[in-house]
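Next come the chains, spelled out residue by residue.
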Amino acid sequence: MRHTLRSVAAATLFWIALPIAAGADRPLFKLRLHVPGIDYRNICGSPAQLPILEQNGQGIGIIDYDGDGLVDLFVPNGSTESRWRTKRNPGCRLYRNVGGWRFVDVTEQAGVGGNAWSCGVAVADYDADGDFDIYVLNWGPNVLYRNNGDGTFTDVTGSAGVGDARWSSSAAFADFDGDGMLDIYVSNYVHFDYDDYPTKESDGRPCLYRGIETGCGPWCYEGQRDTLYINVGNGRFEDRSTESGLAATRGFRGFGVIGADLDADGDADVYVGCDVMPNLYLSNTGKGPGATGGPPCSAATRQGSALPARAVRFASVGPQQGGAYNAAGAHESGMGVAAADFDRSGTLDLFTTNFAGEKNTFYRNQGGMLLDDSSAVGFDRHRTEMGWGVCVQDFNQDGLVDVFVANGQIYPQVARLNDPADRYAQPPRLYLQKRSKVKGPRSKVRRWGPSTLDLGPWTSARGRLEEVETEEAFSSSFCGVARDTKRVSFCLRGCAAADLDNDGDVDIVAVQHNGPLVFFENLSDRPSVLLELAEAGGGRSPIGARVVVRGDVLVRESFLASTHWLLPNQGYQSSIDHRLHIALPPGVTTLELEVFWPNGRRERYSINPSPKRQRWESATVVRLRQGAGESPLRADKPTDSNPWVSPVAPIPPPKPVGE
């Protein structure tokens, strides 16, 4: 069963064709420090950076808020003590993408600036009305902005009941109770009060980092319990933290969070990176519809006539199933958390970034057990650097998951050490995966409840991360780049990956602490598909959906099927592109997709390139609508009125800046 797909017109795309081959002398990314229309400057505390509130910085959110096919940027901002006390906070910013690496500030028109000390952002279509909403994590009450669909937002925090007043870091939307509606898990950090915060250790000694006096570390602050908001329909949520067992998170200092089915039992679990203490791996002990084959939910279901909700009860299983400690049995300082199927096993692996003096950590998922395999894959380097944001994408478009790490110190006092390996501004790190194939017999691997997936003759693929030297990874020909010898350095915090120019590769934008945004433009030129998933009723956030990708060439070469999850809320206080990026190998003519929707429905799709050109464009945007695919149990034919592969409209040409 085939369906021809029209590709996005190449004339509407801005792309640069530079060969990125092994040993190429051109960088994979080009630094863009000055992007027209972007005037954001991060403000987070005083130059001394003594209170912990001023050190942790902000994340960033990717959102196509106006539905024009170009992803926009929502950027939280912090403040200073004086501005916070006088309620003159700089506020968040929303930038509309008008194409050609140009943006327009639409914060005031959209009504999303706010007046808070903001930290993170989570993006999702929580009400399933077809457009993306924004949840802002603050030091103080969080804010939920509902997208009105006309370029404006409404603050519905009060009516929704999601204004957690503690210091929240990150949030993850997921359907934790299996009723077809998106719930919210909020990771909270510590109790902080500008009128009473620690300036010395508990025993009266000065707070020191490598022998120099600095602000006090997180162990001097009281950790806060996390929060679970269950969506009860009609735009309302209920705090079910107590009933769901989140007392187990009391005293923890949460940063990045992932809401995903880590143990393959059909419901969404939670993983939280925790600062200077064990990370939290919370197994959802309820049984979701993906495990039981329950009835799929309709648009009416998502709008308020919900399926019977299953009780949510989390069990803290990190000490037993891994993920809480590293391979040596010690806790680390989890900051950013990202998830992807790194080794093509069909399960979600995790990457966490950690504090200086520690390694970053790769947790390989083995049937719900999280194994610290950092050394085996080469993710244990640069222990003097401090990792924050982390993005896992196929950056060089070879079909393998790569890793980008945003680094930056929290103590400007490190300048006194005069140590080249431990500076306030630090280089970002890019790791590209190199894979070795391990041949085995054809087998069917059981996972996700009763589902089975035939992986073909290749049953494992042990990848290793190879670091790309800074000058080879990032062009430094632009002015204003802090560097010494071969280092391009910034003091970064959150970062997000997205195809910002719709040219088919994944770019990166990062928040520079007390500085402007930093953009990394991807210069790859291989064909790819940007896959949008839509619910049957038009909702644009089937978070937790799983897509298995195969192709005719891939099958002939006995290449492992790749698995992609829609998990936009990840990294450090950030949200990434809701579109799934699928790189296409040379010679592939048909793309076979199998989608496992969050409600348990399973559908197959087959996509060909444009019949006029008989080849894939550099960027082809495809929208798959739930309920329009081929069921594995029957081969229904598509109709003209209900095609099961639905391309989005061509992306409009860029509009003049200022419109």
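Residues numbered from 1 in each chain as written. Predicted model: local features only at pLDDT ≥ 70, side-chain atom pairs only at ≥ 80, totals over all residues. Heavy atoms only, no water.

Enquirer: Mind showing me how you'd approach the side chain of Asp 341 here?
Expert: Here Asp 341 is to be found in the loop between strand E21 (337-340) and strand E22 (349-352). Buried charge without a salt bridge: Asp 341, with Arg 344 as the nearest opposite-charge side chain at an N-O distance of 6.6 Å. Polar side-chain contacts of Asp 341 include one of 3.0 Å to the backbone nitrogen of Arg 344. Reaching out from Asp 341, the side chain makes a polar contact with the backbone nitrogen of Ser 345 at a distance of 3.1 Å. Apart from residues no more than four positions distant in its own chain, Asp 341 is found in contact with Gly 346, Thr 347, Leu 348, Asp 349, Val 401, Thr 563 and Trp 565. (Helix = DSSP H or I, 4+ residues; strand = E, 2+ residues; numbered from the N terminus. Buried < 20%, exposed > 50% of the residue type's maximum accessible area, 1.4 Å probe, protein only. Lys, Arg positive; Asp, Glu negative; His and termini not counted. Salt bridge = Lys/Arg side-chain N within 4 Å of Asp/Glu carboxyl O. Polar contact = N/O pair within 3.5 Å; in protein donor to acceptor, adjacent residues only side chain to side chain. Contact = heavy atoms within 4.5 Å.)

Enquirer: Help me understand the sheet that holds strand E17 (residues 254-260) in this model?
Expert: The pairing of strands in a sheet comes from backbone hydrogen bonds and takes either a parallel or an antiparallel form. Taken together, 4 strands build an open sheet; the order of strands is E17-E18-E19-E20 and the sheet is antiparallel. Among the strands making up the open sheet, the edge pair consists of E17 and strand E20 (314-316). Ignoring strand direction, the axes of neighbouring strands in this sheet form an average angle of 20°. Where strand E19 (residues 280-284) and E20 come together, 3 bridges link them in antiparallel fashion. Of the residues in E20, the one forming a bridge with Ser 283 is Ala 315. (Pairing = 2+ DSSP bridges. Axes fitted to C-alpha atoms, helices over the stretch in contact; angles between N-to-C directions.)

Enquirer: Sorry if this is basic, but what is going on with the packing of aromatic side chains here?
Expert: Each aromatic ring pair is characterised by the separation of its centres together with the angle its planes make. Tallied over the full model, the rule gives 33 aromatic pairs. An angle of 75° between the planes, with centres 6.3 Å apart, marks the rings of Trp 167 and Phe 192 as edge-to-face. With Trp 167 in the loop between helix H3 (157-160) and strand E11 (168-174) and Phe 192 in the loop between strand E12 (183-188) and strand E13 (208-209), this residue pair connects regions lying 25 residues apart in the sequence. For the pair Trp 167 and Phe 192, one class covers both residues: buried. A connected cluster of aromatic rings, assembled from ring pairs, spans Trp 84, Trp 117, Trp 139, Trp 167, Tyr 189, Phe 192, Tyr 194, Tyr 197, Tyr 221, Phe 255, Trp 388 and Tyr 572. (Phe/Tyr/Trp six-rings, centres within 6.5 Å; stacked < 30°, edge-to-face > 60°.)

Enquirer: Explain the pattern of salt bridges here, please?
Expert: Going through the model one piece at a time under the given rule, you end up with 27 salt bridges. Arg 85 is the partner of Glu 81 in a salt bridge, and the nearest nitrogen-oxygen pair spans 3.0 Å. Highlighted residues: Glu 81 and Arg 85, both in helix H1 (residues 81-85), separated by 4 residues, approximately one helical turn. Judged by relative accessible area, Arg 85 falls into the partly exposed class, the value being 37%. Across the pair Glu 594 and Arg 602 runs a salt bridge, and its minimum N-O distance is 2.3 Å. A single salt-bridge network, built from bridges that share partners, covers Arg 381, Glu 385, Arg 429 and Glu 467.

Enquirer: Explain the sheet that holds strand E3 (residues 61-63) to me, please; I cannot follow it from the model alone.
Expert: Taken in spatial order, the 4 strands of this open sheet run E3-E4-E5-E6, and their pairing is antiparallel. Lying at the two open borders of the sheet, with one neighbouring strand each, are E3 and strand E6 (103-105). With direction set aside, neighbouring strand axes in the sheet form an average angle of 25°. Of the strand pairs in this sheet, E3 and strand E4 (residues 72-75) are connected by 3 bridges, and their pairing is antiparallel. Considered in E4, the bridge of Gly 61 is made with Phe 74.

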